[in-house]
Amino acid sequence: QVRLVESGGGLVQAGGSLRLSCAASGSIFSINVMGWYRQGPGKHRALVATMTSTGDTNYADSVKGRFTISRDVAKHTVYLQMNSPKPEDTASYYCHAHGRTWNGADFKSWGQGTQVTVSS
């Protein structure tokens, strides 16, 4: 079982900044992709940003230029730097990881989410 634990969420003013962290633990051989998804009230869960172990990134168009994803591959940790957040960024943010365990099994794991609220 691979577990993901998010931290860093909270209340932030529009135009401020916030940094989310997610640490993976368990029987991990490697994590190919780690990333962030979000879900606001009454909306579907959607991609925010992902990053591979070799540094390739994908961003939602709505956050390009404002959010930055980074990883410490050795520590199985991913970060999301949120600059100039807007009220529409208010959502529960979920960490996701896709990799392989020491048993050679493929895994896909979700964190429980951390709430981000942006006030105007």
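Here the structure is a predicted model, which is why all the values come from computation and not from measurement.

Undergrad: Can you help me understand unusual backbone geometry in this one?
TA: Peptide bonds are mostly trans, and most non-glycine residues show a negative phi. Here His76, not a glycine, exhibits a phi torsion of approximately 55°, which is positive. Topologically, His76 is positioned in the loop between strand 7 (67–72) and strand 8 (77–83). For Ser84, which is not a glycine, the phi torsion comes out positive at approximately 50°. Structurally, Ser84 is set in the loop between strand 8 and strand 9 (91–101). Look at Ser84 and you get partly exposed, because its relative accessible area is 40%.

Undergrad: Honestly, the environment of Tyr79 in this entry has me stumped. Any pointers?
TA: Within the secondary structure, Tyr79 sits in strand 8. When neighbours within four sequence positions are excluded, Tyr79 is seen to be in contact with Arg19, Leu20, Ser21, Trp36, Thr68, Ile69, Ser70 and Asp72.

Undergrad: What is the right way to look at the pairing of strand 8 in this model?
TA: Side chains on a regular strand alternate between the two faces of the sheet. Among the seven residues in strand 8, five count as buried, and that is most of the element. Pairing of strand 7 with strand 8, which is carried by six bridges, proceeds in the antiparallel orientation. Bridged to Arg71 within strand 8 is Val78. Where strand 7 folds back on strand 8, the antiparallel hairpin that results is connected by four residues, among which His76 adopts a positive phi of roughly 55°.

The rules behind these values
Think of each chain on its own: its residues are numbered from 1, step by step along the sequence as written. Note on the predicted model: pLDDT of at least 70 is required for a residue's local features to be given, and 80 or more for side-chain atom pairs to be given and counted; whole-chain, interface and lining totals, by contrast, use all residues. Heavy atoms from the whole structure form the basis of all side-chain values; hydrogens and water molecules are not counted. Only DSSP runs of H or I with at least four residues qualify as helices, and only runs of E with at least two residues qualify as strands; both kinds are numbered from the N terminus onward. The buried label applies to any residue whose accessible area, calculated with a 1.4 Å probe on protein chains only, is under 20% of its type's maximum; exposed applies above 50%, and partly exposed to all values in between. In this analysis, two residues are considered to be in contact whenever any of their non-hydrogen atoms come within 4.5 Å of each other. Between any two strands, at least two bridges found by DSSP are needed for them to pair.

As far as function goes, none of this settles anything; it's purely spatial.
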